[in-house]
Amino acid sequence: MMIRLIKIASTLQREQSLRNNKVIIRAQAIATSTPSVTQSSLDRKKTLRKGNVVVTGASSGLGLATAKALAETGKWHVIMACRDFLKAERAAQSAGMPKDSYTVMHLDLASLDSVRQFVDNFRRAEMPLDVLVCNAAVYQPTANQPTFTAEGFELSVGTNHLGHFLLSRLLIDDLKNSDYPSKRLIIVGSITAGNTNTLAGNVPPKANLGDLRGLAGGLNGLNSSAMIDGGDFVGAKAYKDSKVCNMLTMQEFHRRFHEDTGITFASLYPGCIATTGLFREHIPLFRTLFPPFQKYITKGYVSETEAGKRLAQVVGDPSLTKSGVYWSWNKTSASFENQLSQEASDVEKARRVWEVSEKLVGLA
Ligand code: LMG
Ligand code: NDP
Ligand code: PMR
């Protein structure tokens, strides 16, 4: 009897502390709360409720410009999923985003624990998920040696691909549960990795996943190479490889989930946004010359604001509902369905990247 009472007391205590924890986590993880969506069922009958869109890496560059563009429409509540909470909050404020148009939540894609924690926190906030944008990325063009994520994966592929892979695999259930009319999962790609039929796609080092032996070995740089193809570490190649994985993942999602769920899966090349933080680790000479080079010589340049509008279009434009598409824009900023080069559209490789990635992130 005594033992039972003690057990009951300790269970109650545990539940109480879980509840307390819950409250604490919520308070820490969410900067501003969102009243807009709790009224969803009421609003739906009258007008379309605000959509909830998660944008990773919304603290700068394309992600921030997209968040701003979406917030300005008044039709979206943006969940800014960022590794630096304060930076994101300040960025949103200085971009002039209305206070009730966004929520900052912590997400470090270089840690799978953090990805899982983000998903938990997001679910606790009880917002439906209508669109997920996998935008964050790191680029290490001058690194001679690999660095690693919390789980020991090479940083570029670990962050840009594996972190997003786990995030989107977990959040696909939330997308499925949303009652929003056009649900989307968007993964940002690039011309430098996806279009070997262009000059930009032929600047060395070129992306190449090979037979995935390094990925299968865990990209840890110890008993396996830090590079997907098993070769020596080259930072710029690791980034481009990660972008190929992003584009393959989008297509594999399309094949596995589109028909049953109606979710739209898309990737895009937003243009060369030569001024963003992506090039923060490049040599100063490059950072000086690259924007004028793209503006005046290749004419591939696009401003952060313009690129943000493009991505915002892929998030919400009613005409961009086709799934499995890689969007690009022509000089007059009209969108078109672009073709991906051979490796970035290889069905068998997409399946294998998916399966190996599932193992690495603990889903299989
Ligand atoms: C490598 O850096 C890294 O070393 C490697 O680790 C890896 O990260 C790799 O792909 C990633 O990058 C390579 C980088 C370093 O090279 C470049 O960045 C080359 C391209 C950069 C752009 C060069 C533009 C040159 C044109 C300048 C004109 C700008 C002003 C335009 C104004 C127009 C006004 C109307 O190396 C450097 O960053 C050094 C860059 C030195 C440039 C050398 C010049 C090359 C000449 C070829 C250009 C021909 C164009 C002629 C135009 C003349 C215009 C006046
Ligand atoms: P930025 O560096 O400005 O933005 C990248 C964002 O990713 C930042 O907000 C950064 O956070 C965030 N980030 C980096 N690491 C992590 C992490 N571990 N966890 C969470 N967030 C992280 O670059 P861009 O805006 O240019 O890049 C955005 C996307 O656009 C990328 O996917 C890139 O590949 C793609 N792209 C860019 C092109 C360009 O020309 N710039 C061309 C084609 C595609 P923080 O602010 O804290 O650093
Ligand atoms: Mg590239 C001709 C058009 C064109 C376009 C659209 C891009 C986009 N680039 C072009 C041409 C060239 N670039 C040429 C001719 C050169 C040699 C001089 C060149 C070089 C170059 C470098 C060194 N370009 C680069 C780098 C980078 O470090 C960037 C990179 O590869 O990051 C991975 C980059 C880029 N060029 C682009 C775009 C969009 C990028 C960067 C971003 C990305 O792929 O995400």
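In what follows, the structure referred to is the one given above.
No experiment lies behind these values; they were computed from the predicted model shown.

Participant: Is there a simple way to think about the nonpolar core in this case?
Facilitator: What tends to happen in soluble globular proteins is that the nonpolar side chains get buried as a cluster. F118, F122, L167 and L185 are the most contacted members of the largest nonpolar core, which totals 63 residues. Setting aside anything within four residues of it in sequence, one finds F122 in contact with V54, I79, M105, M127, P128, L129, L171 and D174. Among the nonpolar cores identified, the runner-up in size contains 38 residues, and V53, A71, Y102 and L268 belong to it.

Participant: Looking at this structure, how should I read the packing of aromatic side chains?
Facilitator: Two descriptors summarise a pair of aromatic rings, namely the distance from one centre to the other and the angle between the planes of the rings. Per the stated rule, a full pass over the model turns up twelve aromatic pairs. On the numbers, 4.9 Å between centres and 80° between planes, the contact of F253 with W354 is edge-to-face. Remark: W354 occurs in helix α12 (residues 347-360) and F253 occurs in helix α9 (residues 235-261); sequence separation between them is 101 residues. On the basis of relative accessibility, which here comes to 2%, the residue W354 falls in the buried class. Note on F286 and F290: the rings are 4.4 Å apart at their centroids and 25° apart in plane angle, and the pair reads as stacked. One end of the pair is F286 and the other is F290, both in helix α10 (residues 284-298) and four residues apart, which spans about a single turn. These aromatic residues form a ring-pair network of at least three members: Y139, Y239, F279, F286 and F290. The ring centre of Y301 lies 4.7 Å from the NZ or CZ of K295, which sits over that ring.

Participant: Sorry, what's going on with the packing of helix α6 (residues 155-177) against α12 here?
Facilitator: Angle between the axes and distance between the axes are the two parameters that describe a pair of packed helices. Between α6 and α12, whose axes approach to 10 Å, the crossing angle comes to 85°. Considering their axes alone, α6 and α12 lie roughly perpendicular with respect to each other. When α6 is examined against α12, the residues H161, L162, F165 and R169 are found in contact with a partner set consisting of V353, W354, S357, E358 and L360. Residue composition of the contact of α6 with α12, by class: five nonpolar, two polar and two charged.

Conventions adopted
- Residues numbered from 1 in each chain as written.
- Chains lettered and ligands numbered in written order.
- Predicted model: local features only at pLDDT ≥ 70, side-chain atom pairs only at ≥ 80, totals over all residues.
- Heavy atoms only, no water.
- Core = buried A, V, L, I, M, F, W, Y, C linked by side-chain atoms within 4.5 Å.
- Buried < 20%, exposed > 50% of the residue type's maximum accessible area, 1.4 Å probe, protein only.
- Contact = heavy atoms within 4.5 Å.
- Phe/Tyr/Trp six-rings, centres within 6.5 Å; stacked < 30°, edge-to-face > 60°.
- Helix = DSSP H or I, 4+ residues; strand = E, 2+ residues; numbered from the N terminus.
- Lys NZ or Arg CZ within 6 Å of the ring centre and 35° of its normal.
- Axes fitted to C-alpha atoms, helices over the stretch in contact; angles between N-to-C directions.
- Parallel < 35°, antiparallel > 145°, perpendicular 65-115°, else oblique.
- Nonpolar A, V, L, I, M, F, W, Y, C, P; charged D, E, K, R; others polar.

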